[in-house]
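# Geometric and topological summary
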Amino acid sequence: MRQRLSSEPDRYRGRRRVPTPPRSRYAVAVTAAFAGAGVVAIGAASNFPDQKNVDPQALQSHGAVQSIDDAIADRAADDAASRGDSRTETAKTKVSAEEAAADVWLLPMEDYQFTSAYGVRWGKLHAGIDLAGPEGLPYKAIHAGKVTKAGYYGGYGNSITIEDTEGNEVIYAHSRRLLVKVGDEVKAGQVIGLVGNTGASYGTHLHLEIHVNGTPTDPIPFLRDRGVDIKLRVESVFAGVAAAS
């Protein structure tokens, strides 16, 4: 057993020294790594084509891609042209403001209270709906048409009847004053009278009645089918068209 030299540090007491591998092993490993990387690089470089030697098939494929791109561009141009033609045809068939306004249905007043529905009342058919409002409040034509009646008619009091191009009749009754006369052509939204309490009436209101083929019909569903909701006070989306005409 070796005796410890007095010059040897105390930190080595009780420890065994791990042998250091020879330097030649590290040198061989490093050299092999560099050599392998060089071989891989050379092999990869050999797979790249020379810019001077271009494969003819590759050129043909490139030409085919260009042809496809050209075809797509031509088709897009044709589609754009056809869309332009369609827009032109649509513009030619676009109806005028007057024609659009002739089909609009509107609410008869700006402010009102729905007080009575269509149906049997006191043993008789109440053939329309009642919309209460202050006396003298202007009311409007809910649809375009021609005035066929305008005057005092018994229980209707001062009333107006307007017939449209389809033969539907709208009656506005119990008016205080009439602002149109027989033969007048009116537009939807045009003021035609003032709310009143004439005839068989129990308070100032507008009695609105609609006849289809000469037969009274419930104005609520009739108008709802045409974009107007009396109870919700919603007008047709084309109300602006009538106002601008």
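Parameters at a glance
Residues numbered from 1 in each chain as written. Predicted model: local features only at pLDDT ≥ 70, side-chain atom pairs only at ≥ 80, totals over all residues. Heavy atoms only, no water. Helix = DSSP H or I, 4+ residues; strand = E, 2+ residues; numbered from the N terminus. Contact = heavy atoms within 4.5 Å. Salt bridge = Lys/Arg side-chain N within 4 Å of Asp/Glu carboxyl O. Phe/Tyr/Trp six-rings, centres within 6.5 Å; stacked < 30°, edge-to-face > 60°. pLDDT = per-residue confidence, 0-100. Core = buried A, V, L, I, M, F, W, Y, C linked by side-chain atoms within 4.5 Å. Buried < 20%, exposed > 50% of the residue type's maximum accessible area, 1.4 Å probe, protein only. 1 Å grid on protein atoms, 1.4 Å probe; cavity = no way out; pocket = protein on both sides within 12 Å on 5 of 7 lines; lining within 4 Å. Points joined across faces, edges and corners; volume = space filled by probe spheres on them. Nonpolar A, V, L, I, M, F, W, Y, C, P; charged D, E, K, R; others polar.

Relative to the assigned elements, S175 resides in strand β8 (residues 169-178). The residues touching S175, leaving out its near neighbours within four places in the chain, are Y139, N158, L194, G196 and T198.

Within the structure shown, the criterion is met by five salt bridges. In this structure, R224 engages D229 in a salt bridge whose closest nitrogen and oxygen atoms are separated by 3.6 Å.

In this section: the packing of aromatic side chains. The final tally for this structure, using the stated rule, is three aromatic pairs. Look at W105 and F222: their rings are 5.4 Å apart centre to centre, the planes differ by 80°, and that puts the pair in the edge-to-face class. Residue W105 is found in the loop between α3 (97-101) and β1 (113-116), and its partner F222 is found in helix α4 (residues 219-224); the two are separated by 117 residues along the sequence. A ring pair is formed by Y139 and Y172, whose centres lie 5.7 Å apart and whose planes are at 15°; its orientation type is stacked. Taken together, the residues Y139 in strand β5 (residues 138-140) and Y172 in strand β8 connect sequence positions 33 residues apart.

Moving on, we get to the confidence of the model for the protein chain. For the protein chain, per-residue confidence averages 75 on the pLDDT scale, and residues scoring 70 or more make up 56% of the total. Low pLDDT, under 50, characterises residues 1-9; the predicted model gives this stretch three contacts beyond four residues in sequence or across chains. This stretch, residues 86-93, has a pLDDT under 50; its non-local contacts, to residues over four places away or in other chains, come to zero contacts.

The next thing to look at is the nonpolar core. Membership of the largest hydrophobic core comes to 26 residues, with the highest contact counts inside it found for Y172, I192 and L223. Elements with a contribution of two residues or more to this core: β4 (128-132), β7 (158-163), β8, β10 (191-195), β11 (205-212) and α4. Contact partners of I192, with chain neighbours within four places excluded, come to Y139, K140, A141, I160, I162, Y172, L178, L179, V180 and V186.

Take the environment of L107 next. Inspection of the secondary structure puts L107 in the loop between α3 and β1. On a C-alpha basis, the gap between L107 and Y139 in space is 9.0 Å, while along the polypeptide they are 32 residues apart. When sequence neighbours within four positions are dropped, the list of residues in contact with L107 reads Y112, K140, I142, V228, D229, I230, R233, V234 and E235.

Quick look at the layout of surface pockets now. The volume enclosed by the largest pocket comes to roughly 530 Å³. Contributing to the lining of the largest pocket are 20 residues, with R121, H126, H174, A200 and H207 lying nearest its centre. Listing elements by their share of the lining of the largest pocket, those giving two or more residues are β1, β3 (124-126), β4 and β11. Grouping the constituent residues of the lining of the largest pocket by class yields seven nonpolar, nine polar and four charged.

Topologically, L208 is positioned in strand β11. Note on L208: relative accessible area 0%, which makes it buried. As a C-alpha pair, L208 and L131 span 77 residues in sequence and 7.7 Å in three-dimensional space. Not counting the four nearest positions on each side in its chain, L208 is found in contact with P108, G128, I129, I142, V170, I171, Y172, P219 and L223.

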